[in-house]
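Results of the structural survey
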Amino acid sequence: MTICPQCGTENDDDVKNCTSCRINMYWAFQHFEELASLREKNALSPRPQSAQFLVQTSKKIDDGPTAPWLRNTIKKFGFKGAGKKVSTISE
């Protein structure tokens with residue numbers, strides 16, 4: 001089980017998006033800490049709620065015809081260790 005960094009929901013290790021807030025899990029593990037720190041510096045919630053239309057759209061996409069292919073790819077390669085983290089802000 002993997003804990004979503006945005007909302008804290010437990011997800012299966014092979015999910016593409018969090019089952020609750022629908023954030024992309026690969027992106028979240030690569031960039032969430034940077035985004036949370038920027039949000040805190042600007043007096044915004046570090047863990048925002050996803051807009052309902054985004055949650056619904058994401059669920060429709062996951063249930064679409066490509067979902068089995070995506071799930072198999074994520075199971076095969078995982079998402080936490082995939083790729084090299086690249087900073088989205090200048091240091």
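Note that residues are indexed from 1 along each chain, following the sequence as it is written. Totals for whole chains, interfaces and linings use every residue, but because this is a predicted model, local features are given only for residues with pLDDT of at least 70 and side-chain atom pairs only at 80 or more, for both listing and counting. The basis for every side-chain value is the complete set of heavy atoms in the structure, and neither hydrogens nor water enter the calculation.

Section: the environment of Cys21
The topology assignment puts Cys21 in the loop between β2 (10–11) and α1 (25–41). The residues touching Cys21, leaving out its near neighbours within four places in the chain, are Cys4, Gln6, Cys7, Ser50 and Val55. What counts as a helix is a DSSP run of H or I of at least four residues, what counts as a strand is a run of E of at least two, and both are numbered from the N terminus. By the convention used here, residues are in contact when the closest approach between their heavy atoms is within 4.5 Å.

Observations regarding the environment of Gln6
When you line up the elements, Gln6 lands in the loop between β1 (2–3) and β2. Under the scheme applied here, a residue whose accessible area is under 20% of the maximum for its type counts as buried, over 50% as exposed, and between as partly exposed, the area being computed with a 1.4 Å probe on protein chains only. The buried category is assigned to Gln6, whose relative accessible area is 8%. Between the C-alpha atoms of Gln6 and Cys21, which are 15 residues apart in sequence, the distance is 7.6 Å.

Thoughts on unusual backbone geometry
Residues other than glycine seldom take positive phi values, yet Arg22 does so here, at roughly 70°. Following the sequence through the fold, Arg22 ends up in the loop between β2 and α1.

Digging into the confidence of the model for the protein chain
Each residue carries a pLDDT score, the predictor's own confidence in it, on a scale running from 0 to 100. Here the protein chain averages 75 in pLDDT, while 74% of its residues score no lower than 70. The secondary structure element of the protein chain with the lowest average pLDDT is helix α3 (residues 67–77), at 70, and the one with the highest is β2, at 91.

Looking at helix α2 (residues 52–62)
Since one α-helical turn is 3.6 residues long, residues separated by three or four positions face the same way. Those residues of α2 that fall on the buried side of the exposure criterion are Val55, Ser58 and Asp62. Buried positions in α2, seen along its axis, are confined to an arc of 70° and lie on one side of it. Pointing more than 90 degrees away from the buried face of α2 are the exposed residues Gln52, Phe53 and Lys60. Throughout, the arc means the angular range of directions from the helix axis out to the C-beta atoms.

Comments concerning the side chain of Asn17
Relative to the elements of secondary structure, Asn17 occurs in the loop between β2 and α1. Judged by relative accessible area, Asn17 falls into the buried class, the value being 8%. Excluding its chain neighbours within four sequence positions, the residues that come into contact with Asn17 are Asn11, Arg22, Ile23, Asn24, Met25, Ser58 and Asp62.

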